[in-house]
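Residue-level listing of the chains:
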Amino acid sequence: MDKKYLADDVIILDDFVTDEIKKAALALEEVIKVESGENYAGRSAYLPKELSAAVIDRYKLYDLPHDKLNHSRIRVATHNDDSTFNSLVHTDHICKKVLVLYIQNTLYKNTDEAGTLFWQSNVTKKKKMTLGNPRDVLLHSLVIERDTKDLNKWTKWLSCPFIEGSALVFDSLYFHSPPSPEFEKNSPGKRITLDLFLD
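The residue count restarts for each chain, going from 1 along the sequence in the order it is written. Where totals are concerned, whole chains, interfaces and linings use all residues; where local detail is concerned, this predicted model gives features only for residues with pLDDT of at least 70, and gives and counts side-chain atom pairs only at 80 or more. In computing side-chain properties, one takes all heavy atoms of the structure into account and sets aside hydrogens as well as water.

**What to know about the sheet that holds strand E9 (residues 176-177)**
Each pair of strands is called paired provided DSSP finds at least two bridges between the two strands. Secondary structure elements follow DSSP: runs of H or I of four or more residues count as helices, runs of E of two or more count as strands, with numbering from the N terminus. Spatially, the 3 strands line up as an open sheet ordered E7-E6-E9, and their pairing is antiparallel. Each having just a single partner strand, strand E7 (154-160) and E9 make up the two edges of the open sheet. Bridging between strand E6 (residues 116-121) and E9 involves 2 bridges; their strand directions are antiparallel. Within the sheet, the bridge partner assigned to Phe118 lies in E9 and is His176.

In structure tokens:
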């Protein structure tokens, strides 16, 4: 089970997605209708317990500290999605780690920029939200709320490519985003991920 460290607490897990997980994800994609909103364009739904459990069992094989599942979702973006969703650069500080499974990408032409992007704030010069100090938490919250959709306020320091069948696990405090709405898309096309949030 190969692991590749892109940075501290940012790890690519090769050959993560089994045929069974991919089949279950694609079957679920066909029936979800709920709009994602918030940090992502497209559609989203919670994963069935059986699929979440299969992913966690697979994660345990990579010899990483195992964290308890908080919640999990499937996300599907297409060329028709509205790009006016609420935010872009964000953190997932309600949990400890984020595990993203890259299921399918026929949407973005540049696969190197189609995975997960990591950003540093041009205001705070930080790559992560700081917890513990109420002043820092407030500052980062204000920065995210104000600058979330203005990529001129951020400097990209890492791009994780969308490699179908791989997964990415990272510290939830990193400022990160899905691909930019401005990236060139195929029409028609889809980008499908499973996102698990670990405590």
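Okay, back to it.
**As for the sheet that holds strand E2 (residues 10-13)**
An order of E1-E2-E8-E5-E10-E4-E3 is seen for the 7 strands of this open sheet, with the pairing classed as antiparallel. The open sheet terminates on both sides in strands that have one partner only, identified here as strand E1 (3-7) and strand E3 (43-46). Neighbour-to-neighbour, the strand axes of the sheet open up by a mean angle of 20°, direction not taken into account. Inspection of the sheet shows E1 paired to E2 by 4 bridges, in the antiparallel sense. When the bridges of E2 are listed, Lys4 appears paired with Ile12. We call two residues in contact when some of their heavy atoms are within 4.5 Å. An axis is simply a line fitted to the C-alpha atoms; with a helix, the fit covers only the stretch in contact. Between two such axes, the angle follows the N-to-C directions and lies from 0 to 180 degrees. Against the sheet, helix H2 (residues 49-60) touches E2, strand E4 (69-78), strand E5 (97-105), strand E8 (167-171) and strand E10 (190-198), its axis set at about 75° to E10.

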